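Close look at the chain arrangement
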Amino acid sequence: MNLKLHKPLCVFDLETTGTNVGKDRIVEICILKVNPDASRESKTWRVNPEMPIPVSSSEIHGIYDEDIKDSPTFKEIAPKIVEMISGADLGGFNSNRFDVPLLAEELLRAEFDFDLSKFKLVDAQTIFHKKEPRNLGAAYQFYCGKTLENAHSAEADVLATFEVLDAQVGKYDDLPNEVAELSEFSTQNRFADLAGMIHYNAKDQEIFAFGKYKGQVVKEVFQKDMGYFGWLQNADFPLYTKKVFTKIQLSSKF
């Protein structure tokens, strides 16, 4: 194994009802937990999303309403997921932009806290796009010399993603082999939330990335316009983004 791990790395992949982080739901999740001694365990769950799966999504991942009608809900499997990722870092393919934010939403809906500061995030897609701009199938062929079979099944994608990530570390001499450095390398932008709605400025202060206060310091806005915080909490924003706004709002009182 080329990766040097100091604690477990959970590489995971989601199949979902769609691509809207705030509204769509998980229909399948696979987590591959790789330990520092290179031992591995993998678990896959089919999930009843408690909403119809659009045919356009089913045609991509091959999971239809009939396939998951008797599967557990996410809330039912959430304790097992939390147990598996606890004390680990997280990795995936396009995970920083999609899988991690959607997983955070599902966990918060299931009344399990998700604290981004407890995880290092490594996105093999970002590394790939910086080094060899293509998709997962091409990455698998390029780095591993293999054809990706059953693309868009969570298990096939997550196994391929880990092999790609491990091969990337072995291929590039200037690429670090530890998760902390890989997390920094695979981060394209620094966000305070997972949806990219709260950025940091040069002084490391949270600023709005949207709306009438775009570019302004969130804490200062809340101090002068408390009504805006109330509007944000009632608007259609991801739960994790609202959690970050709440944390900033509480600190703005002091």
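What comes next is a walk through the structure. Residue positions are given per chain, counted from 1 along the sequence in the order it is written. Two thresholds apply to this predicted model, a pLDDT of at least 70 for residue-level local features and 80 or more for giving and counting side-chain atom pairs, whereas whole-chain, interface and lining totals are computed over all residues. The basis for every side-chain value is the complete set of heavy atoms in the structure, and neither hydrogens nor water enter the calculation.

**Considering the packing of aromatic side chains**
- In this analysis, rings of Phe, Tyr and Trp, with Trp reduced to its six-membered ring, are considered paired at centre separations within 6.5 Å, and the interplanar angle assigns stacked below 30 degrees, edge-to-face beyond 60, and tilted for intermediate values. Here the structure, examined in full by the defined rule, presents 17 aromatic pairs.
- Ring geometry for Y143 and Y172: centres 6.0 Å apart, planes at 75 degrees, overall edge-to-face. In this pair, Y143 is assigned in helix α6 (residues 136-144) and Y172 in the loop between α7 (154-171) and α8 (179-185), connecting sequence segments 29 residues apart.
- Per-residue accessibility, obtained with a 1.4 Å probe over protein chains only, is compared with the maximum for each type, and a residue is labelled buried under 20%, exposed over 50%, and partly exposed between these values. The class for Y172 is buried, based on a relative accessible area of 11%.
- Their ring planes at 80 degrees and their centres at 5.8 Å tell us that W231 and F237 sit as a pair that is edge-to-face.
- A relative accessible area of 46% places W231 in the partly exposed class.
- The class for F237 is buried, based on a relative accessible area of 14%.
- One aromatic cluster is present, formed by F208, F210, Y213, F222, Y228, F229, W231, F237 and F245 through successive ring pairs.
- The ring centre of Y172 lies 4.7 Å from the NZ or CZ of K131, which sits over that ring. Here a helix means four or more residues in a row that DSSP labels H or I, a strand means two or more in a row labelled E, and each is numbered from the N terminus. Whether a charge lies above a ring is judged from NZ of Lys or CZ of Arg, which has to be within 6 Å of the ring centre and within 35 degrees of the ring normal.

**Some words on the packing of helix α10 (residues 226-234) against helix α11 (residues 239-251)**
- Think of each axis as a best-fit line through the C-alpha atoms, taken over the contacting stretch in the case of a helix, with angles from 0 to 180 degrees between the N-to-C directions. One can describe the packing of α10 onto α11 by two numbers: an axis separation of 10 Å at closest approach and a directional angle of 160 degrees. Accordingly, the angle class assigned to the pair α10 and α11 is roughly antiparallel. Our pair here, α10 against α11, has a crossing hand that is left-handed. For the pair formed by α10 and α11, the contact residues are M226, F229, L232, Q233 and N234 on the first element and K242, F245, T246 and Q249 on the second.
- Ten residues, namely Ala, Val, Leu, Ile, Met, Phe, Trp, Tyr, Cys and Pro, are considered nonpolar, four, namely Asp, Glu, Lys and Arg, are considered charged, and the remaining ones, Gly among them, are considered polar. Here the contact of α10 with α11 is built from residues that sort into four nonpolar, four polar and one charged. Angles are sorted into four bins: roughly parallel if under 35 degrees, roughly antiparallel if over 145, roughly perpendicular if 65 to 115, and oblique for all others. By convention, the crossing between two helices is left-handed when the near helix turns anticlockwise from the far helix through less than a right angle, and right-handed when the turn is clockwise. Residues count as neighbours in contact if any of their non-hydrogen atoms are within 4.5 Å of one another.

**Some thoughts on the environment of P8**
- Mapped onto the elements of the fold, P8 is located in the segment before β1 (9-16).
- Taking relative accessible area as the criterion, P8 reaches 18% and is therefore assigned buried.
- Remark: the alpha-carbon pair of P8 and K33, spanning 25 residues in sequence, is separated by 6.5 Å.
- Apart from residues no more than four positions distant in its own chain, P8 is found in contact with K33, V34, N35, P36, G87, A88 and D89.

**Structural notes on the environment of H199**
- Structurally, H199 can be placed in strand β6 (residues 198-200).
- H199 sits in the partly exposed class, given a relative accessible area of 27%.
- Residues H199 and L108, 91 residues apart in the sequence, show an inter-C-alpha distance of 21 Å.
- Beyond its immediate stretch of four places on either side in the chain, H199 contacts R190, F191, Q205, E206, I207 and A209.
- Here G196 takes part through its backbone oxygen, which lies 3.1 Å from a polar atom of the side chain of H199. Between N or O atoms, a polar contact is any pair within 3.5 Å; within protein, one atom must be a potential hydrogen donor and the other a potential acceptor, and residues adjacent in sequence are included only when both atoms are from side chains.

Structural measurements only, silent on function.
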